[in-house]
Structures are given as structure tokens and as C-alpha cells.
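# Structural characterization, general
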Amino acid sequence: MDGGGVEGSTTAAWMERYQQMYERATRHPFTVSIRDGTIDLSAFKRWLSQDYLFVREFVAFVASVLLKCCKQEDNSDMETILGGVASLSDELSWFKNEAARWGVDLASISPLESNLEYHRFLQSFNEPEISYAVAITTFWAIETVYQDSFGFCIEEGNKTPPELLGTCQRWGSADFKLYCQCLQRIADRILANAPADTVKSAEEAFIRVLELEIGFWEMSSCRS
Ligand SMILES: Cc1ncc(CO)c(N)n1
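Quantities reported herein were computed from a predicted structural model and do not represent experimental measurements.

Bringing the UniProt feature "binding site: substrate" (unreviewed entry) in the chain into the picture now. With numbering aligned to this structure, UniProt lists the feature "binding site: substrate" (unreviewed entry) at Asp 51, Glu 91 and Glu 143. Look at the named residues: they lie 93 residues apart in sequence, but the longest C-alpha span between them is just 13.1 Å, so in the fold they bunch up. By the secondary structure assignment, Asp 51 is in helix 4 (residues 41–70). When neighbours within four sequence positions are excluded, Asp 51 is seen to be in contact with Phe 95, Tyr 146, Trp 171 and Phe 216. In this structure, Glu 91 sits in helix 5 (residues 78–101). Judged by relative accessible area, which is 9%, Glu 91 ranks as buried. Other than its neighbours up to four places away in sequence, Glu 91 contacts Val 55, Arg 170 and Trp 171.

Following this line, the structure appears as C-alpha cells:
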């Protein structure tokens, strides 16, 4: 398919095939409790500080995706990914401001086990053998879980506490959704031209992201 849309695409097919797991990642009790207004603020602060450490690691991951992109013969996706790297600079500042607002001292935080597990997964993309197709699919999946999770917190009928709306807007906004759709179109185009074993690896990476995202919410809720 080459209409630029996402319906009927490889990634859309996976979202359907693994719908249950996708829902566990994007409608997790942690984010649903933000939407309900029943969120435990100590859990929110745990998420905030752990996600700051995640994003620091994510910078290196996105840089590795950018590097793989630049090595492609057709590197027309470069600007989109470069934009992603650039926006993480603003994101790190946002985390620092937000942490100060909540009285969280980021200097004294160390990563919990589920976060470390996610770090190891992200670091594995430094290997030049990991293809651009797998990397860009992983990048899309990671961003999309947050977009869908936080987008739900600002959809109609939400009771999200006003002091958490900024967080939800960061990933739930219409602009961030467009950005995720742009990543999805890139992933689908690359996958459409990739060999079957690469597509299989990308599918496995998609599932792994869902597992790791569920683990991250569990960790934040202190359920694990
Ligand atoms: C754990 C996690 N997944 C995805 C994102 C989106 O960038 C994030 N900030 N943290």
C-alpha cells in the first residue's frame, strides 16, 4: 500500500493482531487513574522521575535511529527523526521544571529494575547489525504508546486533575499525534520494502515495546 495512509498497513495489522496487549499498554490502570482523577500522587512522582531517566537514555536511542537513517541510500526521513532528537532537548527541560514543581529531586534518583530493562533494550540498538527498519518501527511504537495513553487522559469525559493536564498534553496533543502518524508512515514504507525476516524482527520489537511499556507503568504504580 502506498497511499500514505496507515489503514491496512503492516503496523496497523500488528496493532490489531496484538490488540489485547496494546490495550494493556495504552489503557493501563496507571494512566486510566490519571484520567479518572484517582491517581496516587506518589506514583505520579515516581513515574516522573523514572521517565526523566528513561528520556535521557531515549536520546541516545533516537540518535542511533538517526544514524541508521543517514546511512540509507534514501535518507529522506532524516528531517523527521532529527526533529525528534531536537524536541528531546525541550523535553528534558520540561522534566526538570516539572520535577521542581512537584518537589522531586532528580539528582538523587536511580533507575528501578523495569526502567533498567528498558535501557538495555534501547542500548541494543547501538549495534550496527540492527536494521533501520527494526529501529524506526521501535521508535514509532514507543512514541505511540505514550500518545495513545495520554491522549485518552484528555479525551472527552476525563476527570484529569488540572495539575496533570500539562503532562497529558505533552504526549496527548494533536501535534504529537501527527508526529506519531508521520513515524508510522515511515515505518510502513520501510517495512513494505524489507525482507521477511526483517519484518519478523520488527514485529518482535513491537511486542517487546508493549511488554516494556506495561512493565514501566507497573513499576510506576509500584505493582512490581
Ligand atoms: C517509558 C516511556 N515510553 C515512551 C515515552 C515517549 O517518549 C516515554 N517518555 N517514556
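Given 3.6 residues per helical turn, the α-helix brings residues three or four places apart onto the same face. Within the sequence span of helix 1 (residues 10–17), burial applies to Thr 11, Ala 12 and Trp 14. Down the axis of helix 1, the buried side of the element spans an arc of 160°, and every buried residue falls inside it. Set apart from the buried face of helix 1 by more than 90 degrees, the exposed residues are Glu 16 and Arg 17. Here the buried face of helix 1 lies against helix 7 (132–153), helix 9 (174–192) and helix 10 (196–221).

Nonpolar side chains in soluble globular proteins generally cluster together in the buried interior. Of all hydrophobic cores here, the largest spans 72 residues; its most connected members are Trp 47, Ile 136 and Phe 139. Counting residues per element, this core draws most heavily on helix 4, at 14 residues. Residues contacting Phe 139, with those up to four places away along its chain left out, are Phe 58, Phe 61, Val 62, Val 65, Ile 81, Tyr 179 and Leu 183.

Basis of the calculations
- Residues numbered from 1 in each chain as written.
- Predicted model: local features only at pLDDT ≥ 70, side-chain atom pairs only at ≥ 80, totals over all residues.
- Heavy atoms only, no water.
- UniProt positions renumbered as here; feature names shortened; annotations may be inferred.
- Helix = DSSP H or I, 4+ residues; strand = E, 2+ residues; numbered from the N terminus.
- Contact = heavy atoms within 4.5 Å.
- Buried < 20%, exposed > 50% of the residue type's maximum accessible area, 1.4 Å probe, protein only.
- Arc of directions from axis to C-beta.
- Core = buried A, V, L, I, M, F, W, Y, C linked by side-chain atoms within 4.5 Å.

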